[in-house]
Amino acid sequence: MTYVIGLISGTSVDGIDAALVDISGTDLDLKIELLAGETYPYPVELRERILAVCAGKAISMAELAELDDAIALAFAQAAQNIQNGHKPASLIGSHGQTIYHRPPGGGGEGGKGRGGEGETRGIDNSPLLYGRGSPAPLGSPAPLGYSLQLGRGAVIAHLTAITTISNFRAGDIAAGGQGAPLVPRVDAYLLSHPQEGRCIQNIGGIGNLAYIPPRRDNWLEKILGWDTGPGNSLLDLAVHHLTAGAKIYDENGNWAASGTPCHPLVEQWLNQDYFHLPPPKSTGRELFGVAYLHQCLKDAEIYQLSSADLLATLTELTAASIVQNYRTFLPQMPQQVFLCGGGSRNLYLKHRLQILLQSIPVLTTDEVGLSADFKEAIAFAVLAYWRNLGIPGNLPAATGASQEVLLGEICLGTRD
Ligand SMILES: Nc1ncnc2c1ncn2[C@@H]1O[C@H](COP(=O)(O)OP(=O)(O)OP(=O)(O)O)[C@@H](O)[C@H]1O
Ligand SMILES: CC(=O)N[C@H]1[C@@H]2OC[C@@H](O2)[C@@H](O)[C@@H]1O[C@H](C)C(=O)O
């Protein structure tokens, strides 16, 4: 039994999800108990700075250092707070805050071409048109991916005096992988079923899935995972735009539910390259961000949609892109789909997924005993625990890495 803290702020940049978890076992005997889970919202000014950088704002190295420190401090504070009233943790797994993600291959599978503010690349700035990009010159190796998470583990380890593992994506990327998604291996051990094939669908800012076949024969070799595309990112940006910043998300999907999706637009948007790119694939706000929303708004002009219709249409894009990913790339459809992440609280989105998936039940991971809100934070606690035991954390079938690797860098929790 080991008390571990998992910390992550995801692509929604809404705050730091912290989980204090009691972990035992290692793979099929892996067990977790969530002792405490809390979201600590970022101070408004820090959130705005992070979002601006994610949207492509150019900052100086000094500003980058300042941002890194502010994030590390907020993560260390979250680690301290989540332990209140509990036995102290012996390990922290801190994902940090992604501010930039470029998938490998240099083909723009999600990391290129969104043309955000500050974007200086001389490429097609239309996020809807930019896709597979130009091939690398003959003889040159495909470029590795790059993924930058802020919130240095060394600072968290020092401030908390707890050994901290961070920078989880770098090892997978060095082995040629996407560096994402990393949660599917944890999902596999916590959520597999002896008879049922399951999809675990995270709907955060970005959506990702883990496909877990029934737990028999060589099931582990058949697990898949990839980023499906937008989760809530476009919805949140649209709500912010439509309310001039007064609201930042569509609570329970109520606003979208009062509108009607424009299906021709959804069909048009589903032609976008990312949805047709075979896995392994990953993406981020670099593609499904501000510039993407603006292109959507432009496309929607000729239909003269109301605000509610626009939100219903963007919600439909999220739901339909998830289902299109399943139908195109899964060896077979799952028997059950379990949602997690903030989007699982969007009742209209959940309803649309259920309609599109017809007879396949759409549930949440809460219904099988794993917190839908804190699953990602729990997963980074488990990844740290594995790293500490010398157990690899990536799933090459999900990330495309050439091999299993140890994920994360260890900073000992010693104070001078
Ligand atoms: N009650 C709710 N109704 C509708 N949407 C909600 C609700 N609660 C949360 N959300 C959505 O969930 C988002 C946050 O989800 P989550 O914390 O899972 O994302 P994330 O972890 O930042 O992203 P990612 O998984 O891509 O890294 C919010 O920005 C909002 O859009
Ligand atoms: C670069 C990065 O932070 N990617 C996130 C993001 O958020 C959802 C999706 O895109 C996912 O694949 C990944 O995170 C989760 C935690 C993962 O690695 O499994």
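The residue numbering used here restarts from 1 in each chain and proceeds along that chain's sequence as written. All chains are assigned letters beginning with A, and all ligands numbers beginning with 1, in the order in which they are written. For this predicted model, a pLDDT threshold of at least 70 governs which residues receive local features, and a threshold of 80 or more governs which side-chain atom pairs are given and counted, while totals over whole chains, interfaces and linings are taken from all residues. The basis for every side-chain value is the complete set of heavy atoms in the structure, and neither hydrogens nor water enter the calculation.

- For the protein chain, the name recorded in an unreviewed UniProt entry is Anhydro-N-acetylmuramic acid kinase, with Hassallia byssoidea VB512170 as its organism.
- According to UniProt, the comment filed for the protein chain under the heading Catalytic activity (unreviewed entry) is "1,6-anhydro-N-acetyl-beta-muramate + ATP + H2O = N-acetyl-D-muramate 6-phosphate + ADP + H(+)". UniProt positions are given in the numbering used here, feature names are shortened, and annotations may be inferred rather than shown by experiment.

**Some points on the domain arrangement of the protein chain**
So, point 1. In terms of domain boundaries, the protein chain breaks down into domain 1 (1-104 + 144-179 + 375-416) and domain 2 (181-369).
So, point 2. If you average the C-alpha positions of domain 1 and of domain 2, the two centres end up 23 Å apart.
So, point 3. Any two residues whose heavy atoms approach within 4.5 Å at even a single point are treated as in contact. Taken residue by residue, the interface counts 35 residues in domain 1 and 31 residues in domain 2.
So, point 4. When the area that domain 1 buries against domain 2 is broken down by residue, the three leading residues are T11, K375 and L395, summing to 22%.
So, point 5. Within this document, salt bridges are pairs made up of a side-chain nitrogen of Lys or Arg and a carboxyl oxygen of Asp or Glu, the two lying within 4 Å of each other. Taken together, the connections running from domain 1 to domain 2 amount to two salt bridges.
So, point 6. Between R185 and E404 there is a salt bridge, with the nearest N and O atoms lying 3.0 Å from each other.
So, point 7. Each polar contact in these results corresponds to two N or O atoms within 3.5 Å; when the atoms are within protein, one needs to be able to donate a hydrogen and the other to accept it, and residues that are neighboring in sequence are counted only if both atoms are side-chain atoms. Our count for the domain 1 to domain 2 interface comes out at 13 residue pairs in polar contact (both at pLDDT 80 or more).
So, point 8. Those elements that provide at least two residues to the side of domain 1 that touches domain 2 are α1 (44-54), β4 (91-102), α13 (375-389) and α14 (396-399).
So, point 9. Basically, the charged four are Asp, Glu, Lys and Arg, the nonpolar ten are Ala, Val, Leu, Ile, Met, Phe, Trp, Tyr, Cys and Pro, and anything else, Gly included, counts as polar. Tallied by class, residues from the side of domain 1 that touches domain 2 come to 20 nonpolar, nine polar and six charged. How far each domain reaches was decided by an automatic or database domain assignment. Throughout, buried area stands for the accessible area (probe radius 1.4 Å) lost by two parts on being put together, summed over both. Helix and strand assignments come from DSSP, with helices taken as H or I runs of at least 4 residues and strands as E runs of at least 2, each series counted from the N terminus.

**Things to note about the site of ligand 1**
So, point 1. Near ligand 1 you find 21 residues, and of these T11, S12, D236, N252 and G342 are the closest.
So, point 2. At 2.7 Å from a nitrogen atom of ligand 1 is found a main-chain nitrogen or oxygen belonging to N252.
So, point 3. Between ligand 1 and E376, the relevant distance is 2.9 Å, taken from an oxygen atom to a side-chain nitrogen or oxygen of the residue.
So, point 4. Only the protein chains shown count as cover for residues, and all accessible areas are computed by the Shrake-Rupley method using a 1.4 Å probe. Within the complex, the protein chains bury 88% of what would otherwise be the 650 Å² of accessible surface of ligand 1. Any residue with a heavy atom lying within 4 Å of a molecule or strand is counted as near it.

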